[in-house]
Amino acid sequence: MLEEQLQNTLVLLQSHPALGIAALALLGVLFFTRPQEMFKLVGFCLFLALVFYVLFLLIDTLSSGSQQKDTMVNKSRRVIEEQ
């Protein structure tokens, strides 16, 4: 999911370079004029990215565990049916 979003963003910036340059210039101006607020914003964005990463990691782990549980239940059912 994250790789998809990154790929879409790169495609957008490659097809519209003026948009990328304008966004970079705006960020540069904001960092130059309001550095304290921008560093707070960067820190907050990094915190959110970390939270989403941990959530997706937990969701992936839980889905993997439930898939393995379903596999074991199906194997047990087949063994019981064969007897």
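None of the values given here were measured: they were computed from a predicted structure.

J.: Explanation requested: the overall build of the protein chain in the structure shown.
T.: Across its full length, the protein chain holds 3 helices and 0 strands. Listed N to C, the secondary structure of the protein chain is α-α-α in terms of helices and strands. Expressed as a percentage of its 83 residues, the buried residues of the protein chain come to 1%. Carbon and sulfur atoms provide 70% of the accessible area of the protein chain, an area that totals close to 7,800 Å².

J.: Any chance you could explain the environment of L10 here in plain terms?
T.: On the secondary structure map, L10 appears in helix α1 (residues 2-15). Under the relative-accessibility criterion, L10 is labelled partly exposed at 41%. Counting along the chain gives 10 residues from L10 to G20, while the straight-line C-alpha distance between them is 9.6 Å.

J.: Would you explain a nonpolar patch on the surface in this entry?
T.: Where nonpolar side chains cluster on the molecular surface, the patch consists of L41, F44, F47, L48, V51, F52, L55, F56 and I59 and spans about 840 Å² of accessible area. Along the chain, L41 falls in helix α3 (residues 35-82).

J.: How should the packing of aromatic side chains be read in this particular structure?
T.: Centre distance and the angle of the planes are the two values used to describe a pair of aromatic rings. Counted under the stated rule, the structure contains 1 aromatic pair. When the ring of F31 is compared with that of F39, the centres are 5.2 Å apart and the planes differ by 70°; the resulting orientation is edge-to-face. For F31, a relative accessible area of 29% corresponds to the partly exposed category.

J.: Quick question: what am I supposed to make of the environment of T9 here?
T.: Within the secondary structure, T9 is located in helix α1. You can call T9 partly exposed: its relative accessible area is 39%.

J.: How do you make sense of the confidence of the model for the protein chain when you look at a structure like this?
T.: Low pLDDT means the predicted atomic positions in that stretch should not be read closely. Confidence in the prediction for the protein chain averages 83 pLDDT; 72% of positions are at 70 or higher. α3 is the least confidently modelled element of the protein chain, averaging 79 in pLDDT, while helix α2 (residues 17-33) averages 92, the highest of any element.

Reading guide: rules and limits
- Per-chain numbering applies: the sequence of each chain, read as written, is numbered from 1 onward.
- Since the coordinates come from a predicted model, pLDDT governs what is reported: local features require at least 70, and pairs of side-chain atoms require 80 or more to be given and counted, while whole-chain, interface and lining totals use all residues.
- Each side-chain value is worked out from all heavy atoms of the structure, with water and hydrogens disregarded.
- Each helix corresponds to a stretch of at least 4 residues labelled H or I by DSSP, and each strand to a stretch of at least 2 residues labelled E; elements are numbered beginning at the N terminus.
- Burial status follows relative accessibility: with a 1.4 Å probe on protein chains alone, a residue under 20% of its type maximum counts as buried, one over 50% as exposed, and anything between as partly exposed.
- Reported accessibility uses the Shrake-Rupley method at a 1.4 Å probe radius. Residues are deemed covered only where the shown protein chains occlude them.
- A patch is a set of surface residues, each over 30% in relative accessible area and not in a salt bridge, joined within 9 Å for like charges and within 5 Å for the nonpolar side chains Val, Leu, Ile, Met, Phe, Trp and Tyr.
- Should a side-chain nitrogen of Lys or Arg be within 4 Å of a carboxyl oxygen of Asp or Glu, the pair is scored as a salt bridge.
- Pairing of aromatic side chains here covers Phe, Tyr and the six-membered ring of Trp, requires ring centres within 6.5 Å, and sorts the geometry by plane angle: under 30 degrees stacked, over 60 edge-to-face, intermediate tilted.
- Note on scores: pLDDT gives the predictor's confidence for each residue, bounded by 0 and 100.

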